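Structure at a glance
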Amino acid sequence: MPFRVFATCDLGEAALTRLRERGYEVDVYPQSDPPPKSLIVEKVRSGVDGLITSLRDSIDAEIFEAGKATLKVVAQIAVGFDNINRVDANRYKIPFTNTADVLTEATAEFAFFMMGAVARKLWSSERLVREKRWGAWHPFLPFLGDEVTGKTVAVIGTGRIGLAMIKKCTAMDMDILCYDPAYENDRYITGIQKVMDVRHENDIQTRKTTIKYVKFEESLAQSDFVSVHVPLLREGESATPTYHLFNEKTLGMMKPSAYLINTSRGPVIDEAALAKALKQRWIAGAALDVFEKEPLPPDSPLRDPEIEDRCRLFHHFASGAKETRLSADPDIGMAGRCAQGLIDVLEKNYGGDVTKMPYVVNKEAFGK
(Lines give C-alpha, C1' and ligand atoms only; values in the text may rest on other atoms or scores of the structure.)
Protein backbone atom coordinates (compact mmCIF):
# COMPACT_ATOMS: atom_id res chain seq x y z
CA MET A 1 0.00 0.00 0.00
CA PRO A 2 1.36 3.46 -0.87
CA PHE A 3 1.88 5.96 1.89
CA ARG A 4 -0.94 8.49 2.18
CA VAL A 5 -0.05 12.09 3.02
CA PHE A 6 -2.14 15.19 3.63
CA ALA A 7 -0.45 18.58 3.22
CA THR A 8 -2.13 21.64 4.74
CA CYS A 9 -0.29 23.85 2.26
CA ASP A 10 1.38 23.50 -1.14
CA LEU A 11 5.11 22.73 -0.94
CA GLY A 12 5.72 23.57 -4.58
CA GLU A 13 5.78 21.27 -7.57
CA ALA A 14 9.35 19.97 -7.20
CA ALA A 15 8.98 18.61 -3.66
CA LEU A 16 5.52 17.17 -4.30
CA THR A 17 6.75 15.49 -7.48
CA ARG A 18 9.56 13.91 -5.50
CA LEU A 19 7.07 12.36 -3.07
CA ARG A 20 4.70 11.20 -5.81
CA GLU A 21 7.53 9.63 -7.77
CA ARG A 22 8.18 7.49 -4.69
CA GLY A 23 4.61 6.26 -4.91
CA TYR A 24 3.13 8.50 -2.22
CA GLU A 25 -0.49 9.56 -2.49
CA VAL A 26 -0.34 13.25 -1.60
CA ASP A 27 -3.50 15.26 -0.99
CA VAL A 28 -2.77 19.01 -0.88
CA TYR A 29 -5.15 21.58 0.57
CA PRO A 30 -5.69 23.87 -2.43
CA GLN A 31 -6.34 27.23 -0.75
CA SER A 32 -3.72 29.80 0.26
CA ASP A 33 -5.41 30.29 3.62
CA PRO A 34 -4.97 27.49 6.18
CA PRO A 35 -7.54 24.70 6.34
CA PRO A 36 -9.93 24.64 9.30
CA LYS A 37 -8.77 22.37 12.08
CA SER A 38 -11.89 20.23 11.62
CA LEU A 39 -10.71 19.36 8.10
CA ILE A 40 -7.24 18.41 9.34
CA VAL A 41 -8.84 16.13 11.94
CA GLU A 42 -11.04 14.60 9.25
CA LYS A 43 -8.11 13.96 6.91
CA VAL A 44 -5.98 12.47 9.68
CA ARG A 45 -8.82 10.26 10.88
CA SER A 46 -9.28 8.97 7.33
CA GLY A 47 -6.00 7.08 7.71
CA VAL A 48 -3.12 9.21 6.46
CA ASP A 49 0.40 8.07 7.28
CA GLY A 50 1.96 11.53 7.15
CA LEU A 51 0.82 15.07 7.80
CA ILE A 52 2.62 18.09 6.33
CA THR A 53 1.96 21.26 8.33
CA SER A 54 2.94 24.91 8.65
CA LEU A 55 3.04 27.41 11.51
CA ARG A 56 -0.59 28.27 10.75
CA ASP A 57 -1.88 24.87 11.90
CA SER A 58 -2.67 23.98 15.50
CA ILE A 59 -1.39 20.44 16.01
CA ASP A 60 -2.31 18.98 19.40
CA ALA A 61 -3.93 16.03 21.15
CA GLU A 62 -7.08 16.31 19.04
CA ILE A 63 -5.03 15.74 15.88
CA PHE A 64 -2.91 12.98 17.39
CA GLU A 65 -5.96 11.19 18.79
CA ALA A 66 -7.60 11.27 15.36
CA GLY A 67 -4.47 9.71 13.86
CA LYS A 68 -3.57 7.23 16.58
CA ALA A 69 -4.28 4.26 14.32
CA THR A 70 -2.20 5.32 11.31
CA LEU A 71 -0.41 8.67 11.70
CA LYS A 72 3.33 8.13 11.76
CA VAL A 73 4.85 11.60 11.31
CA VAL A 74 4.11 15.31 11.23
CA ALA A 75 6.47 17.17 8.89
CA GLN A 76 6.56 20.92 9.45
CA ILE A 77 7.70 23.32 6.73
CA ALA A 78 9.24 25.83 9.15
CA VAL A 79 12.05 26.09 11.65
CA GLY A 80 9.67 27.01 14.45
CA PHE A 81 7.16 24.57 15.84
CA ASP A 82 5.25 26.67 18.38
CA ASN A 83 2.04 25.39 16.78
CA ILE A 84 2.85 21.76 17.61
CA ASN A 85 2.16 20.57 21.16
CA ARG A 86 5.35 18.72 21.95
CA VAL A 87 3.94 17.07 25.07
CA ASP A 88 1.00 15.68 23.11
CA ALA A 89 3.25 14.49 20.28
CA ASN A 90 5.44 12.65 22.76
CA ARG A 91 2.47 11.12 24.56
CA TYR A 92 1.16 9.70 21.29
CA LYS A 93 4.69 8.76 20.16
CA ILE A 94 4.42 10.75 16.94
CA PRO A 95 7.71 12.25 15.71
CA PHE A 96 7.58 15.70 14.16
CA THR A 97 10.21 17.32 11.95
CA ASN A 98 11.20 20.86 11.06
CA THR A 99 13.34 22.60 8.44
CA ALA A 100 16.18 24.19 10.40
CA ASP A 101 19.45 25.36 8.83
CA VAL A 102 18.37 25.81 5.21
CA LEU A 103 16.77 29.20 5.85
CA THR A 104 19.59 30.54 8.02
CA GLU A 105 21.31 32.76 5.47
CA ALA A 106 18.10 33.96 3.82
CA THR A 107 16.61 35.00 7.17
CA ALA A 108 19.77 36.77 8.34
CA GLU A 109 20.05 38.50 4.97
CA PHE A 110 16.49 39.79 5.23
CA ALA A 111 17.04 40.96 8.82
CA PHE A 112 20.03 42.93 7.57
CA PHE A 113 18.00 44.45 4.74
CA MET A 114 15.21 45.36 7.19
CA MET A 115 17.75 47.18 9.32
CA GLY A 116 18.85 49.29 6.38
CA ALA A 117 15.31 49.85 5.12
CA VAL A 118 14.00 51.35 8.34
CA ALA A 119 17.15 53.34 9.17
CA ARG A 120 17.66 54.86 5.71
CA LYS A 121 13.90 55.54 5.33
CA LEU A 122 13.59 53.68 2.04
CA TRP A 123 9.80 53.42 2.28
CA SER A 124 9.39 57.12 3.08
CA SER A 125 11.63 58.04 0.15
CA GLU A 126 9.80 55.87 -2.36
CA ARG A 127 6.43 57.07 -1.12
CA LEU A 128 7.58 60.68 -1.63
CA VAL A 129 8.39 59.90 -5.25
CA ARG A 130 5.28 57.84 -5.98
CA GLU A 131 2.97 60.43 -4.49
CA LYS A 132 4.65 63.17 -6.60
CA ARG A 133 5.65 65.16 -3.53
CA TRP A 134 9.37 65.24 -4.34
CA GLY A 135 10.38 68.85 -4.79
CA ALA A 136 13.80 70.45 -5.26
CA TRP A 137 16.86 68.72 -3.89
CA HIS A 138 17.81 69.91 -0.40
CA PRO A 139 20.70 68.78 1.86
CA PHE A 140 18.45 67.74 4.75
CA LEU A 141 14.80 68.28 3.82
CA PRO A 142 12.25 66.71 3.94
CA PHE A 143 14.09 64.13 6.07
CA LEU A 144 17.35 62.25 6.55
CA GLY A 145 18.04 58.63 7.41
CA ASP A 146 20.58 57.01 9.71
CA GLU A 147 23.61 55.20 8.36
CA VAL A 148 24.25 51.57 9.24
CA THR A 149 27.97 51.43 8.47
CA GLY A 150 30.16 51.90 11.51
CA LYS A 151 27.32 51.69 14.04
CA THR A 152 26.87 49.30 16.96
CA VAL A 153 24.46 46.37 16.62
CA ALA A 154 23.21 44.10 19.37
CA VAL A 155 22.54 40.55 18.23
CA ILE A 156 20.09 39.02 20.70
CA GLY A 157 20.41 35.27 20.35
CA THR A 158 23.49 33.73 18.79
CA GLY A 159 22.11 30.56 17.32
CA ARG A 160 22.44 29.78 13.61
CA ILE A 161 20.62 32.87 12.34
CA GLY A 162 22.17 35.18 14.89
CA LEU A 163 25.65 34.05 13.87
CA ALA A 164 24.80 34.57 10.21
CA MET A 165 23.62 38.08 11.05
CA ILE A 166 26.92 38.76 12.84
CA LYS A 167 28.82 37.70 9.72
CA LYS A 168 26.88 40.18 7.59
CA CYS A 169 27.25 43.04 10.07
CA THR A 170 31.01 42.49 10.13
CA ALA A 171 31.18 43.56 6.48
CA MET A 172 29.59 46.90 7.42
CA ASP A 173 32.35 47.78 9.90
CA MET A 174 29.96 47.50 12.83
CA ASP A 175 30.80 46.96 16.46
CA ILE A 176 28.82 43.94 17.64
CA LEU A 177 27.41 43.24 21.09
CA CYS A 178 26.12 39.71 21.60
CA TYR A 179 23.67 38.33 24.11
CA ASP A 180 22.47 34.77 24.48
CA PRO A 181 20.90 33.46 27.70
CA ALA A 182 21.62 29.82 26.91
CA TYR A 183 25.00 29.48 25.22
CA GLU A 184 27.89 31.79 24.35
CA ASN A 185 29.70 30.70 21.19
CA ASP A 186 33.13 32.06 22.16
CA ARG A 187 34.92 30.24 19.35
CA TYR A 188 32.84 31.94 16.67
CA ILE A 189 33.11 35.36 18.29
CA THR A 190 36.90 34.96 18.57
CA GLY A 191 37.02 34.12 14.87
CA ILE A 192 34.99 37.19 13.94
CA GLN A 193 37.30 39.41 16.01
CA LYS A 194 40.26 38.01 14.07
CA VAL A 195 38.50 38.89 10.81
CA MET A 196 37.86 42.40 12.11
CA ASP A 197 41.50 42.79 13.09
CA VAL A 198 42.75 41.61 9.69
CA ARG A 199 40.41 44.02 7.91
CA HIS A 200 41.71 46.90 10.01
CA GLU A 201 45.37 45.92 9.67
CA ASN A 202 45.02 45.82 5.89
CA ASP A 203 43.17 49.13 5.61
CA ILE A 204 39.97 47.44 4.48
CA GLN A 205 38.24 49.31 7.29
CA THR A 206 39.62 52.49 8.77
CA ARG A 207 38.36 52.03 12.33
CA LYS A 208 39.13 49.07 14.58
CA THR A 209 35.92 47.27 15.50
CA THR A 210 35.09 44.78 18.24
CA ILE A 211 32.70 41.98 19.06
CA LYS A 212 31.91 40.62 22.53
CA TYR A 213 29.25 39.04 24.71
CA VAL A 214 27.58 41.38 27.19
CA LYS A 215 24.62 41.36 29.53
CA PHE A 216 21.19 41.94 28.02
CA GLU A 217 20.73 45.37 29.60
CA GLU A 218 24.14 46.50 28.36
CA SER A 219 23.40 45.38 24.83
CA LEU A 220 20.23 47.48 24.76
CA ALA A 221 21.77 50.57 26.30
CA GLN A 222 24.77 50.75 23.98
CA SER A 223 23.43 49.73 20.57
CA ASP A 224 22.19 51.67 17.58
CA PHE A 225 20.41 48.57 16.25
CA VAL A 226 18.98 45.60 18.14
CA SER A 227 18.36 42.49 16.03
CA VAL A 228 16.38 39.68 17.66
CA HIS A 229 17.12 36.01 16.90
CA VAL A 230 15.84 34.06 19.94
CA PRO A 231 13.35 31.17 20.06
CA LEU A 232 9.97 31.74 21.71
CA LEU A 233 10.12 30.35 25.25
CA ARG A 234 7.24 30.99 27.63
CA GLU A 235 7.21 31.03 31.42
CA GLY A 236 7.67 27.49 32.72
CA GLU A 237 9.31 26.29 29.52
CA SER A 238 12.74 27.69 30.32
CA ALA A 239 14.73 29.36 33.06
CA THR A 240 15.23 32.20 30.57
CA PRO A 241 11.82 32.79 28.92
CA THR A 242 11.69 35.09 25.90
CA TYR A 243 7.95 35.81 25.77
CA HIS A 244 7.60 39.62 25.77
CA LEU A 245 11.34 39.93 26.26
CA PHE A 246 10.85 43.36 24.75
CA ASN A 247 8.32 45.22 26.87
CA GLU A 248 7.93 48.74 28.25
CA LYS A 249 10.80 48.24 30.69
CA THR A 250 13.31 46.81 28.22
CA LEU A 251 12.29 49.08 25.34
CA GLY A 252 12.93 51.95 27.72
CA MET A 253 16.53 50.76 28.08
CA MET A 254 17.24 51.35 24.40
CA LYS A 255 18.73 54.57 23.03
CA PRO A 256 16.22 57.10 21.61
CA SER A 257 18.17 56.85 18.34
CA ALA A 258 18.06 53.02 18.21
CA TYR A 259 16.11 50.66 15.94
CA LEU A 260 14.57 47.28 16.82
CA ILE A 261 14.58 44.48 14.22
CA ASN A 262 12.66 41.22 14.74
CA THR A 263 12.76 38.13 12.52
CA SER A 264 12.45 35.60 15.36
CA ARG A 265 8.96 35.10 16.83
CA GLY A 266 6.20 37.67 17.18
CA PRO A 267 5.40 37.15 20.89
CA VAL A 268 8.99 37.98 21.81
CA ILE A 269 7.82 41.60 21.53
CA ASP A 270 4.91 43.18 23.41
CA GLU A 271 3.39 44.97 20.43
CA ALA A 272 1.31 47.39 22.50
CA ALA A 273 4.48 48.43 24.34
CA LEU A 274 6.38 48.79 21.06
CA ALA A 275 3.66 50.98 19.55
CA LYS A 276 3.83 53.17 22.66
CA ALA A 277 7.62 53.33 22.45
CA LEU A 278 7.45 54.42 18.81
CA LYS A 279 4.68 56.93 19.38
CA GLN A 280 6.45 58.52 22.34
CA ARG A 281 9.81 58.22 20.53
CA TRP A 282 11.55 56.13 23.17
CA ILE A 283 13.26 54.54 20.14
CA ALA A 284 13.79 55.73 16.57
CA GLY A 285 12.09 52.90 14.73
CA ALA A 286 11.33 49.21 14.31
CA ALA A 287 11.10 46.66 11.52
CA LEU A 288 9.12 43.47 12.12
CA ASP A 289 8.67 40.34 10.03
CA VAL A 290 6.74 38.38 12.68
CA PHE A 291 3.84 39.29 14.95
CA GLU A 292 1.99 38.17 18.05
CA LYS A 293 -0.94 37.25 15.83
CA GLU A 294 -0.58 36.49 12.14
CA PRO A 295 -1.73 37.89 9.83
CA LEU A 296 -1.42 41.24 11.58
CA PRO A 297 -4.94 42.25 12.75
CA PRO A 298 -6.53 45.32 11.14
CA ASP A 299 -6.77 47.00 14.56
CA SER A 300 -3.14 46.36 15.54
CA PRO A 301 -1.55 49.40 17.23
CA LEU A 302 1.40 48.87 14.92
CA ARG A 303 -0.80 50.07 12.04
CA ASP A 304 -1.23 53.51 13.65
CA PRO A 305 -0.64 56.13 10.89
CA GLU A 306 1.20 58.25 13.46
CA ILE A 307 4.12 55.78 13.50
CA GLU A 308 4.05 54.45 9.94
CA ASP A 309 7.10 56.49 8.92
CA ARG A 310 9.27 54.59 11.44
CA CYS A 311 7.61 51.17 11.68
CA ARG A 312 8.21 48.74 8.82
CA LEU A 313 5.92 45.71 8.69
CA PHE A 314 6.58 42.58 6.58
CA HIS A 315 4.52 39.44 5.96
CA HIS A 316 6.68 36.76 7.66
CA PHE A 317 8.89 36.94 4.61
CA ALA A 318 12.45 36.66 5.96
CA SER A 319 12.99 33.19 4.49
CA GLY A 320 10.97 34.07 1.38
CA ALA A 321 13.59 33.41 -1.27
CA LYS A 322 12.82 31.01 -4.13
CA GLU A 323 15.60 28.53 -3.43
CA THR A 324 15.14 28.61 0.34
CA ARG A 325 11.40 28.03 0.23
CA LEU A 326 10.94 25.74 -2.78
CA SER A 327 14.06 23.75 -3.63
CA ALA A 328 13.47 20.00 -3.47
CA ASP A 329 17.07 19.54 -2.37
CA PRO A 330 16.98 19.03 1.44
CA ASP A 331 20.34 20.78 1.72
CA ILE A 332 18.97 23.90 0.05
CA GLY A 333 15.21 24.25 0.44
CA MET A 334 12.59 24.12 3.17
CA ALA A 335 10.28 22.12 0.88
CA GLY A 336 13.01 19.57 0.23
CA ARG A 337 13.91 19.26 3.90
CA CYS A 338 10.25 18.93 4.86
CA ALA A 339 9.81 16.13 2.31
CA GLN A 340 13.00 14.41 3.47
CA GLY A 341 11.89 14.49 7.10
CA LEU A 342 8.67 12.80 6.07
CA ILE A 343 10.52 10.21 3.97
CA ASP A 344 12.99 9.38 6.75
CA VAL A 345 10.22 8.41 9.15
CA LEU A 346 7.85 6.69 6.74
CA GLU A 347 10.57 4.68 4.98
CA LYS A 348 12.41 3.91 8.24
CA ASN A 349 15.72 5.42 7.18
CA TYR A 350 18.61 5.33 9.68
CA GLY A 351 17.60 1.79 10.53
CA GLY A 352 14.25 3.07 11.69
CA ASP A 353 15.92 4.80 14.67
CA VAL A 354 14.03 8.07 15.07
CA THR A 355 16.71 9.46 17.38
CA LYS A 356 19.21 9.36 14.49
CA MET A 357 16.96 11.15 11.98
CA PRO A 358 18.42 14.66 11.57
CA TYR A 359 15.18 16.56 11.07
CA VAL A 360 13.12 15.00 13.88
CA VAL A 361 12.66 17.48 16.71
CA ASN A 362 11.17 15.44 19.58
CA LYS A 363 13.81 12.71 19.73
CA GLU A 364 13.43 12.50 23.51
CA ALA A 365 10.19 10.55 23.09
CA PHE A 366 12.00 7.71 21.32
CA GLY A 367 15.11 7.17 23.44
CA LYS A 368 16.01 3.69 24.56
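Residues numbered from 1 in each chain as written. Predicted model: local features only at pLDDT ≥ 70, side-chain atom pairs only at ≥ 80, totals over all residues. Heavy atoms only, no water.

Moving on to the pattern of salt bridges. Scanning all chains against the criterion turns up 25 salt bridges. R337 serves as the salt-bridge partner of D331, at 3.7 Å between the closest nitrogen and oxygen. Each of D101, R160, D331 and R337 takes part in salt bridges that share partners, so that together they form one network. (Salt bridge = Lys/Arg side-chain N within 4 Å of Asp/Glu carboxyl O.)

Glancing now at the sheet that holds strand β4 (residues 73–76). Strand pairing within a sheet occurs via backbone hydrogen bonds; the two strands may be parallel or antiparallel. Read across the sheet, five strands follow the order β2-β1-β3-β4-β5 without closing on themselves; strand pairing throughout is parallel. Sheet topology places β2 (25–28) and β5 (96–97) at the edges, where each strand pairs with a single neighbour. As paired elements, β4 and β5 share two bridges and run parallel to each other. Along β5, the bridge assignment pairs V74 with F96. Those strands touched by helix α1 (residues 13–21) are β2 and β3 (50–53), and its axis lies near 150° from that of β2. (Pairing = 2+ DSSP bridges. Helix = DSSP H or I, 4+ residues; strand = E, 2+ residues; numbered from the N terminus. Contact = heavy atoms within 4.5 Å. Axes fitted to C-alpha atoms, helices over the stretch in contact; angles between N-to-C directions.)

Another point: the side chain of T209. Position of T209 among the secondary structure elements: in the loop between α8 (186–201) and β8 (211–213). Judged by relative accessible area, which is 1%, T209 ranks as buried. Residue contacts for T209: discarding those within four places in its chain leaves D173, M174, D175, Q193 and M196. (Buried < 20%, exposed > 50% of the residue type's maximum accessible area, 1.4 Å probe, protein only.)

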